Structure formats: structure tokens, C-alpha cells
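An overview of the molecular structure
Chain by chain, the residues:
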Amino acid sequence: MPRLLSGALRLRRDPRILKLPPYLSVLCILVGVVWLFLLPLDEYSRRTYISENALLPGQVHTYFGGSDQNVFRAYKHEVNALVDKSNIEVNDKLESIVKGLGLKVGRQNFTYHSAGNVYSGENAYAILKAPRGDATEAIVLVAAWKNVKGELNRNGVALLLTLARYFKRWSLWSKDIVFLVTPDSIAGPQAWVDAYHDAHDSARVDSLPLKSGALQGAIAIDYTQESRFESVHVVYDGVNGQLPNLDLINSVVNIAGGQMGMGVAIQEMWRHNNQYPDRLRTMLRGMLKQGLGLASGPHSSFIPYHVDAVTIQPFGEGWQDEMAMGRVVEGTFRSLNNLLEHLHQSFFFYLLMQRERFVSIGTYLPSAMLVAANFTIMAIALWVKSGHQPSEEVSKAVESKTAEENPRNPAVERDLFLPLGFVTGCQFLSVVPLYLFNHAPETILTPLFTVFAVLNMALPHVLSHFLTRYYTPTAQQYQLIRSFSLLLLGMFLSSLATLNFSLALLVGLLTSPLTFMQPWPQSPVMRTACAVLLNAVAPTAVLVASAAYWQLEIGAILREAAFAWDVYDMYSPVVVWCVWWPAWLAGSVTVLGKPAGRRSRLKAKAT
Amino acid sequence: MDDGKVTLGRTAGLYIGAAVLRLSLFTLFPGLPDLLTGRVEISTPVTSFKRLQEGLFLYNHNVSPYDGGVYHQAPLFLPLFSLLPSFATLPIFTFILYIAVDLLSANALFKIANSGEAGSSALFTSPRRDKRWSGPVVAAVFLFNPFTIATCIGRPTSVFTTCAILHAIAKAVAGAPFTAMVALSFAAYLSMYPLLLLPPLLLLAYDRQRLPKGITAKPSGLTFAASHLLVVVGVLSALFGMSYLMTGSWEFLPSTYGIQLTLSDLTPNVGLWWYFFIEMFDSFRSFFLAVFWLHLSAYVGGLTVRIRRQPLAVITLLLGIFTIFKPYPSISDSSLFLALVPLYRHVFPLMRYTFLVAAIILYTVFLGPAFYHLWIYAGSGNANFFYAITLVWGLGLSLLVCDLTFAVLRDEWEVERPEMVGKEIRQI
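Residues numbered from 1 in each chain as written. Chains lettered and ligands numbered in written order. Predicted model: local features only at pLDDT ≥ 70, side-chain atom pairs only at ≥ 80, totals over all residues. Heavy atoms only, no water.

**Some details on the overall build of chain B**
- Broken down by element type, chain B carries 18 helices and zero strands.
- Its C-alpha atoms give chain B a radius of gyration of 22 Å, within 12% of the compact-globule value 22 Å for 428 residues.
- In terms of overall dimensions, chain B has a C-alpha envelope of 65 × 55 × 50 Å along the principal axes.
- Across the 428 residues of chain B, 54% fall into the buried class.
- Sequence-distant contacts in chain B: of pairs separated by 6 or more residues, those separated by 24 or more amount to 73%. (Helix = DSSP H or I, 4+ residues; strand = E, 2+ residues; numbered from the N terminus. Rg over C-alpha atoms; globule rule 2.2 N^0.38 Å. Buried < 20%, exposed > 50% of the residue type's maximum accessible area, 1.4 Å probe, protein only. Contact = heavy atoms within 4.5 Å.)

In C-alpha cells, the structure reads:
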């Protein structure tokens, strides 16, 4: 053991060990990326299974159908008559219908302000008291008047009314059932869920006049298609990349796919052959959605409150009718009705790559953690390196030092003040874009972004000039700037990976060039090349590039982000502006830096 | 003269800056105080401001504040906070009180740093003592430490203990042993654990005492210790007596100190106790309580004897150990420990894990709340997540304590063995 230890110590003093970290960092990134691409293989992903035995999906006979079809048609006529009416008129009519069924009805106003726009409306909901329950638990059925694309959800609302009438006839419910109709798909459900949990801002959102027990699950119907459908599409992404319990998705897949015999799709993969490319595409789409953290339907707002929820959308041309859709909902509700406790058995962190294949957090987390670790490795290496003088200055340093230092291991004091101040300054500066883009009115968002992007390109040059002019940082100080900035980045990303894996991985990959950036005082070519590369992966450039790729307007993206920030507290802008941007800024300034030697610095001080 | 004026102006500026920063955080972000008060990292069952409000409400309605088992703090806080205008209508007075307490603590720290006790005590003078930070720097490190600021905004009552401990040290260093003992008694009355600091503080006060004119020989250590122990006992009895008169029963003893001794409130915190005692079978509870307390107090004797020549170092290290192993620690305790660490600027070059410690502490500061969120709000994690991070937090702090101990001892050792200066140590 002592020999081993002394061997390790000798290795520690080996100068070669300091050359290793950049390669180690590259290895971490490569392994992280390759790991991700291995996940869709059969060996790494698993088949889904139901963990919660109480759910028993698809084990009950569903009776929705027959004469309910006529009821559905009648309600469809009522809904059609309301098409061009105002939100209040619609709710008046819905209220009279549902009251006629013998349910209690509540209504709730909400008004959100975001980017100079006003989003307001009125939610209407009804509560079916459980004949066999004690009103301590409830499940929710949601139909938004308009879906996320703004299309009228005619069949969805009509089906909700039909199901309300149908459910009322059954005496087997042990949990209350809440029927919720919201004017839109994002703000309305958000206002309702916030108010249900008394977490609302009463200036913007009214309190609920009527409440039931703890929500156990929610199903949203998004049924705009007029013709008969072939399959259902299950949308499960929640706000900020949170996901519902996998058991809920499995139950829906099991009921729709197994019991009803219809196809089930996820992540807009309308055709899925369960081969590697399709699995990979599904997984990447899921990760992108998770990373952006946007709400994807009425179900999204429920998930932060630990209420598992999905949206079911019919699609395709087939022979399934509204009754089949109703039976899917009925079957799912019967399963949720069986629950003895909150869904908790199965996974909350997973990536689905096909409706029946997934990887769990233990399998995929290492890839994001490796990417985050590469920054930490480099930060530690730079810290160690900054404690050693570059070789040409060592001899002088040793001469001037007293005998108390070991000449073989010339450690130098680190000058911490400037690097710490600079990195802290960058972090604080990041509040500016965060505030600007979340509070500017919509009309000026696009020009504001253009101005910011241009300034952003100039900013590293200005800062670098300012630094060299007034502080003449040494090579050691540049190393320390890099070290601290990478340490912070690695730390933020590894914390983030536990909350939102995909976002951490995306930002980690886009910032990975920062690991290798260093000042190039001798080589203008390298300096320009690095600066160009960094400008290509700047937050602003990435935003422009993705807008061009998906053919979206910058203004629309920023408006959506501001809306998400104001209405449902999406934190992706914080990550972009307060994690990614400062790291990028520190990296860009380092690349442009011209480190002064110790002696020239002393001279500068003397004059 | 000029220098003195400049320092004075700078110090005043420092205090004003710290006060303005805190006041602006209080007023510009009205949601922030309540948010921080609710954080388990800041408010523990024995220091929480929310629980203080509850106790205050009961007290003002002539109900025993300890009814209901929510309030576990010293009874004398109640008349103090009743004197202030109601928090619900005029919160500004509470803010000002907490800011003032922080500034008082900083001022005590300022005096400790300026005395140079850390570098040269009565029995030991470090060869490196010239490289030290002056009072304003040490006070600034304390005042602008994010932990201190978060503590101030979160308003736990532990800030009063911090202030009392720092004043006890400052008075001992200034050669006023009597006042030091009174201050320590207050600290012990408020949170009990500072009583363990008594031995090193007695030594510190003994070493630094100013002898009255005409007397050249120091009194014997035993007489000194006995007389000052009497002071502590006297002050504590007076405080207990006042508490008894105020609440009308001895109920406060089990509700405040008993709770710390028996850990009956298992609210999560950044310490190592709660999880351990949640998991434990009841039959082992009392045994392990004894073991945990024994472990906590075992360091006092050993460190006091081993680093006899630098009592201030013993106090610093003990505060670090308490921060890790106390029953209800919070970041308020770490802010006190981290406030004293800069006094040892001269041994920083001897420390070996500064970067590692800084990185670990930074990581846990971000991962802790994230895992707590996963556990409590998102529901996708569980208690193990948060406990794992508190373990890492404890690891980071204990590395710092070990490293500082190593540096202080090495500093002493290099004076004894000048030939070993600069030689690398090796574990055998």
C-alpha cells in the first residue's frame, strides 16, 4: 500500500498529468454523445410495464356506446351552435346543460399580461360527487375550447358533455370527477390548476368557488378531427420538462392499443416501425420538447402540481368513431378510479422511444453528467495549472523565492481578485437580457433582439479591450477566469440535469467548445477561428439558426417564451441567459485576451 | 492620523453598504423574506422566524408559548419581539433589528481581526502573521457572504447567537473576561451549544486578560476558571429565573433545550441527524442520542489541549465542527464558521484543498435546493436525494475543518522544527 501511494504521489508530480485533462474532456463529451445514440438499441432500452398493480388497465368492460351516440350527436349540435359566440355565452350554455345533468358548476375568470398582450377568459367546470367516495380525491377530464394550434375542439367538448352525462349514471366512482372546459389550452388550465391549489396570484386569477379533493390524475381530450380516426396520439410533455408518471402513459397505451385495438403514437411520429432510426427520432423529439420546457397541451399545467396528466388526440383516417375515443377515456378513468394512492410506483424520469420502449434515468443520466463533468475536469485542471508558473519564468521565480519553497514544485500564489470579479460580473450582467426579453412588449421584441444580437457580437471585444487596457491580466488570470467560469457552468448543468435532463444536455453540448478556448496571443488565425466558432454557438446565433430551421419568426419565439415565463414559470430563459450566456461571454473574452507576462505587468504598474 | 480616518470612513462605508444591500433586498423583493424563511437550509425548528411568530402570538394572547409544540426558542425572545411594532403591520422594524444584529456581529469580527490574535497569541507567534487580512476585509467577507445575507433575510433567531458568540470572543481578546463570559452565557441561553465553547474561551480570556495596575503575576488558572465559571452560572441562573418569571413555569426547559437534546422534531435540515433518527428503531434512540452528543462534545477537550497555544483557532475549529454535527444546523452556523476562517489568512498557503472545498460547497449550494425540490414539490425524488446532498455538504465542511487544522498545526510545527519548512508531508 505505501508503495502504491508513493507511486501515486510520484505520478501526481509528473508534468504529463497536466496535459491529460483536455483529452479527458474530449473523451467525456464523446462518450456522452455516443451513449445517447446507444440508448435506442434493444440492449439499453426496456419494454414498458405497469408497476402499479391497482391500475389494472383494460381489465374492465367499457359500456360507453349505443344510445350515447345519439346523446353525443345532440351535444355536438349544441356545441356547433356556439361556434362564433363569446366565451361567456359559451359558458352560460355549458352551465345550463351541465346543471341539467345535476352537477354543480363553477366558473373562474383569469387575466394574464405578457409582452404587452392580454390573455383573459373564463373557465367553466363541474364536479361529479363520487357516489362511493368521501370527496378527498378527484380526477379531472379537460377539454379546451380551442387546442394549442387554435383549432376548435368541437368533438372534444361534445364528448366531455356526453361523458359527464354517462359517468353520472354509474355508481362505481370512488373519486370525484371534475369536468373542465377552458377557453384556451395553456392559460386557462394553468389558471384553474393554480387556483385549485391556492397557489394563484389573486390579482390575475380568481379563486375557485367550488373544490373537490386532491387531484389524482387528469386526461385532456383534444379532438378536432371531424372524420373517423385511426389512432390516438398521446401528448405527455409537461411544463419545464416534467413528465407524468410512466404508469399513466402505459395505461392509456394499454387501453387504446390493447383493449380498443387502435394505434398509439407519441411525439408526432405518425408512422413508427420500431426500428433504430424511428426510435432515435422519437427520443430526440421528446428531448427537444423537454429541453424547451414549453407547455404542449392542457395537461401540461397539471404536472408541476404532481398531478399526472396526458392529452389524447385522435389522428389519421380509419374506422374508429367518437364512441371509441369515449371508451378510451372511460377505460382510463376506471383505471385511475382504482388507485389506492397517488401514482408513484413507476418512473418520473424517462425517455420514451416508442410507445412501449423507454429508458429510465439511471441509464440516460450519465450522458448529461459526463458532458457536465467535462467542464468540471477542465476547471480543476486549469486551477492546478494556474498554480504553476510557465516554464520560462520558473527559473526567475525560483531565484527570487526564499528557500521555503520546494524548487522542484514551484507553486505560485494565485491572484484571485480579478478573475472572481470578472466571472461574478458576467453572471450579474446576465440579468439584463433576462429582464429585457421577458418584459419588452411584443412589437419591439424583434428589433430589440436584432440590436442585442449585434451588441452581443461586439461585447466580447469591448470587454476584452477594457480588460487589457486597465487591468493587463496575466496568463494565470485568464486561466483562472476560464477555471471559474467552467466550474460554474459544470455546476449549473449537473444540478440542472437532475431537474431537466434534456435542457442540461442541449446546453452542455452547445457550450462544449468553451472547454477548449484559450487566449491566442501569438496566432491571429487561431484567435479569429475560435472567435468565429464561438459566435456560431452563441445563444443569439443558435436562436436565429433554429428559427430559420423550423421556419419560425424570432418575434413569435420570444413572445412565446415571455408568455411561458409570465404564465407558467418556464425557467428555460433563466438557463439560457444566466447559465449559458455568461459562460459564453467569459469564453469569448478569454479567446480575445492578450495575456501580459508577469514582468511587463510589473513594468506597467511601475509607470 | 490620516490612515485612521480613511479606515474609519471605509469601515463606515462598508457597514452602510451592507445595510443598504440588506434593506434593498427586504424592500425591493417583498416575497424574498418569506421565501427564505420557509427554506429548511435557513430555518430550523429551533431558530425559525415563522415559529417565533407563532410563539409571539400565543404569548400576546396569554397562552403559554410552548403549547402546541411549535415554538422551541428561548422565552426572552418574546418580550423583545413584543416590544417591536407588530411584524404584520410594520415589518421594517424587524428588518432593521436583524440588520443591526448583523452589523454588530461584523463589528465584533472587525475587532477580533484587528487584534491580530489569530497570528500571534500569548503563547505562540506565527512566522507568517504579516500576511493577514485587516478588520475591514474580514468584516466585509462576513457581511457580503451570501450565506450571511440569506440568513439575515430569512430572519432565523440564530443570528442573535452568532452575534453573542462573536462578542464573547471579541471581549475575551480585548482582555475583558467578565463581559466575555456574560456574552457567552447569553449565547448558551439562546441555543445551548455555545456552552461547549467555554473551555477554549476561558483559555483565550486567561491568556489575554489585562492585569490591574500593581499586580504583575497572573492569577492561577484554576482560580480564574472557577471565578469565571461562577459568572457563567450566575448569568445563566439569572436568565433562567427571568424566563421562569415570564412564562410562569419551567416548561421552557424541555421545550427549548430538551428538543435539542432529544431531537424530537425531525424536520429536515442540512445536518446529519434528522435522517439518521428517522430511520432508527425507537429502542436504539436514546443510545444513539447519547453517542451523537458525546461525539459532538468530544472534540472540545481534545482540541483545547492539542492547540493550547492558539485558543482562537480552537474556537474556530469547534464552530466548524458544530456546523457539521449539531442537531439542528443551518447555513447560519456555516456563515459564522466561514466568518472566522479568514482570520487565518496567514495559513491559507498551507491549506491543500481550498479549491476542492470551494467546489464542493458551491455544488451543494445548487444541488441541495434542486434535490429538495425533487423530493418535496416534484415528488419524483425522495428523502435520500436531499440527505445525500447534506452528506456532501458535511463532507465539504469537514474537509475545510481538517484542512484548517492541518494548516494551523503545520504552522506551529514549522516553528518547532525549522529544518522541515517547505518539506512535503507524506502519510506513512
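**Things to note about the sheet that holds strand β4 (residues 137-144) of chain A**
Residue and element names in this part refer to chain A.
- Strands sit in the order β2-β3-β5-β4-β6-β9-β7-β8 across an open sheet of eight strands; the sheet is mixed. Here the strands that pair on one side only, and so sit at the sheet edges, are β2 (104-114) and β8 (263-266). The mean angle between the axes of side-by-side strands here comes to 25°, regardless of whether they run parallel or antiparallel.
- Note that β2 and strand β3 (residues 117-128) share eleven bridges and pair antiparallel. Residue pairing across strands places Thr111 opposite Ser120, the latter belonging to β3.
- Against the sheet, helix α7 (residues 246-259) engages β6 (214-221), β7 (229-235), β8 and β9 (309-320), with an angle of about 20° to β9.
- Relative to β4, helix α9 (residues 322-338) is tilted by about 160°, and along the sheet it contacts β4, β5 (176-182), β6, β7 and β9. (Pairing = 2+ DSSP bridges. Axes fitted to C-alpha atoms, helices over the stretch in contact; angles between N-to-C directions.)

**Overview of helix α3 (residues 68-81) of chain A**
Residue and element names in this part refer to chain A.
- Spanning 14 residues, α3 covers 20 Å between terminal C-alpha atoms, matching the ideal 20 Å at 1.5 Å per step.
- Of the positions making up α3, those classed as buried are Asp68, Gln69, Val71, Phe72, Tyr75, Lys76 and Val79. All buried residues of α3 fall inside an arc of 150° around its axis, so they share one side.
- If you follow the buried residues of α3, they end up packed against α4 (87-100), α5 (154-169) and α9. (Expected span 1.5 Å × (residues − 1). Arc of directions from axis to C-beta.)

**A closer look at the pattern of salt bridges**
- Here the structure, examined in full by the defined rule, presents 33 salt bridges over all chains.
- Among the salt bridges present, the one from Lys76 of chain A reaches Glu226 of chain A, with a minimum N-O distance of 3.0 Å. In this pair, Lys76 of chain A sits in helix α3 while Glu226 of chain A sits in the loop between β6 and β7, placing the two residues 150 residues apart along the sequence.
- With a relative accessible area of 14%, Lys76 of chain A lands in the buried category.
- Overall, Glu226 of chain A belongs to the partly exposed group, its relative accessible area being 46%.
- Put simply, Glu414 of chain B and Arg128 of chain B hold a salt bridge, and the shortest N to O gap is 2.5 Å. Highlighted residues: Glu414 of chain B in helix α18 (residues 383-416) and Arg128 of chain B in the loop between α5 (91-115) and α6 (135-143), separated in sequence by 286 residues. Of the two residues, Glu414 of chain B and Arg128 of chain B, neither departs from the other in class, the shared state being buried. (Salt bridge = Lys/Arg side-chain N within 4 Å of Asp/Glu carboxyl O.)

**Side note on the packing of aromatic side chains**
Residues and elements named next belong to chain A.
- All told, the structure shown has 66 aromatic pairs over all chains when counted by the stated rule.
- Taken together, a centroid distance of 5.6 Å and an interplanar angle of 70° make the contact between Tyr125 and Trp192 edge-to-face. On the criterion of sequence distance, the pair formed by Tyr125 in strand β3 and Trp192 in helix α6 (residues 187-196) is long-range, its members being 67 residues apart. Comparing Tyr125 with Trp192 shows no difference in burial state: the two are buried.
- Relative to Phe167, the ring of Tyr166 lies with its centre 5.9 Å away and its plane at 50°, an arrangement referred to as tilted. The same class applies to Tyr166 and to Phe167, which are both buried. (Phe/Tyr/Trp six-rings, centres within 6.5 Å; stacked < 30°, edge-to-face > 60°.)

**Details of the interface of chain A and chain B**
- Taken residue by residue, the interface counts 24 residues in chain A and 23 residues in chain B.
- Contact between chain A and chain B buries roughly 2,000 Å² in total, counting both sides, with carbon and sulfur atoms accounting for 66%.
- Summed over the shared surface of chain A and chain B, the result is zero salt bridges.
- Viewed at the interface, chain B and chain A are joined by one residue pair in polar contact (both at pLDDT 80 or more).
- Those elements that provide at least two residues to the side of chain A that touches chain B are α1 (2-13), α10 (361-386) and α15 (475-499) of chain A. (Buried area = accessible area lost by both parts, 1.4 Å probe. Polar contact = N/O pair within 3.5 Å; in protein donor to acceptor, adjacent residues only side chain to side chain.)

**Points about the UniProt feature "transmembrane region" (unreviewed entry) in chain A**
- Cross-referencing UniProt, the feature "transmembrane region" (unreviewed entry) maps to residues 20-41, 361-384, 416-437, 444-463, 483-510, 531-550 and 570-593 of chain A in the present numbering.
- The distance from the first to the last C-alpha atom of residues 20-41 of chain A is 32 Å, and the span holds 86% helix and 0% strand. (UniProt positions renumbered as here; feature names shortened; annotations may be inferred.)

**Section: the side chain of Thr323 of chain B**
Residue and element names in this part refer to chain B.
- For Thr323, the position within the fold is in helix α15 (residues 311-325).
- Looking at Thr323, its side chain comes within polar contact range of the main-chain oxygen of Asp333, at 3.4 Å.
- The contact partners of Thr323, leaving out residues within four places of it in the chain, are Pro329, Asp333, Ser334, Phe337 and Leu397.

**Some words on the domain arrangement of chain A**
Residue and element names in this part refer to chain A.
- Here chain A is partitioned into domain 1 (16-40 + 364-392 + 409-606) and domain 2 (53-355).
- The centre of domain 1, based on its C-alpha atoms, is set 41 Å off from the matching centre of domain 2.
- Between domain 1 and domain 2, the contact holds 29 residues from the first and 31 residues from the second.
- Its largest share of buried area at the contact with domain 2, domain 1 owes to Pro40, Phe563 and Tyr568, together 27% of the area lost on that side.
- Taken together, the links from domain 1 to domain 2 amount to zero salt bridges.
- Between the two partners, domain 1 and domain 2, sit 17 residue pairs in polar contact (both at pLDDT 80 or more).
- Breaking the side of domain 1 that touches domain 2 down by element, the ones donating at least two residues are α2 (20-38), α15, α16 (501-511) and α19 (554-568).
- In terms of residues, the side of domain 1 that touches domain 2 owes the most to one element, α19, which gives eight residues.
- For the side of domain 1 that touches domain 2, the class distribution of residues is 20 nonpolar, four polar and five charged. (Domains from an automatic or database assignment. Nonpolar A, V, L, I, M, F, W, Y, C, P; charged D, E, K, R; others polar.)

**Description of the sheet that holds strand β11 (residues 357-360) of chain A**
Residues and elements named next belong to chain A.
- The three strands lie next to each other as β1-β11-β10, forming an open sheet whose pairing is antiparallel. Sheet topology places β1 (46-47) and β10 (350-354) at the edges, where each strand pairs with a single neighbour.
- Looking at chain direction, β1 and β11 are connected through two bridges and run antiparallel. Within β11, the position partnered with Arg47 by the bridge is Arg357.
- Across the sheet, helix α8 (residues 276-292) lies against β10 and β11, angled at about 140° from β10, the strand it touches most.
- Strand contacts of α10: β10 and β11, with the helix running at about 60° to β11, the strand carrying the most contacts.

**Section: a nonpolar patch on the surface**
- Together, Leu288, Leu292, Leu506, Tyr549, Trp550 and Leu552 of chain A make up an exposed nonpolar region whose accessible area comes to about 610 Å².
- Residue classification places Trp550 of chain A among the partly exposed residues on the basis of a relative accessible area of 45%. (Patch = residues over 30% accessible without salt bridge, like charges linked within 9 Å, V, L, I, M, F, W, Y side chains within 5 Å. Areas by Shrake-Rupley, 256 points an atom, 1.4 Å probe, with all protein chains shown as cover.)

**Digging into the nonpolar core**
- Of all hydrophobic cores here, the largest spans 132 residues; its most connected members are Phe81, Phe160, Ile169, Leu201, Leu343 and Tyr344 of chain B.
- Once residues lying within four places of it in the same chain are set aside, the contact partners of Ile169 of chain B are Ile112, Leu201, Leu204, Leu312, Ile315 and Leu340 of chain B.
- Within the second largest apolar cluster, 84 residues are counted, among which are Met283, Leu493, Leu503 and Trp581 of chain A. (Core = buried A, V, L, I, M, F, W, Y, C linked by side-chain atoms within 4.5 Å.)

**A look at the confidence of the model for chain B**
- Per-residue confidence for chain B gives a mean pLDDT of 90; residues scoring 70 or more make up 97%.
- Reported confidence for the predicted complex is 0.80 by ipTM and 0.86 by pTM. (pLDDT = per-residue confidence, 0-100.)

**Looking at the confidence of the model for chain A**
Residues and elements named next belong to chain A.
- Chain-level statistics for chain A give a pLDDT mean of 88 and a share of 92% at 70 or above.
- Mean pLDDT across the elements of chain A ranges from a minimum in helix α11 (residues 391-400), with 44, to a maximum in β5, with 95.
- Scored below 50 in pLDDT, residues 391-409 shows 15 contacts in the model against residues more than four places distant or in partner chains.

**Notes on the packing of α7 of chain A against α9 of chain A**
Residues and elements named next belong to chain A.
- Axis separation between α7 and α9 bottoms out at 9 Å; the angle between their running directions is 135°. The angle between α7 and α9 places the two elements in the oblique class. Pair α7 / α9 crosses with right-handed handedness. Here Leu248, Val252, Ile255 and Ala256 of α7 come into contact with α9, specifically with Val328, Gly331, Thr332, Ser335 and Leu336.
- Classifying every residue of the contact of α7 with α9 by side-chain character gives six nonpolar, three polar and no charged. (Parallel < 35°, antiparallel > 145°, perpendicular 65-115°, else oblique. Left-handed = near helix turned anticlockwise from the far one by under 90°.)

**So, the environment of Asp265 of chain B**
Residues and elements named next belong to chain B.
- Tracing the backbone through its elements, the reader meets Asp265 in the loop between α12 (252-262) and α13 (273-279).
- Judged by relative accessible area, Asp265 falls into the buried class, the value being 15%.
- In sequence terms Asp265 and Gly38 are 227 residues apart; their C-alpha atoms lie 16 Å from each other.
- Those residues within four positions of Asp265 in sequence are excluded, and the remaining contacts are Pro45, Arg51, His72 and Tyr328.

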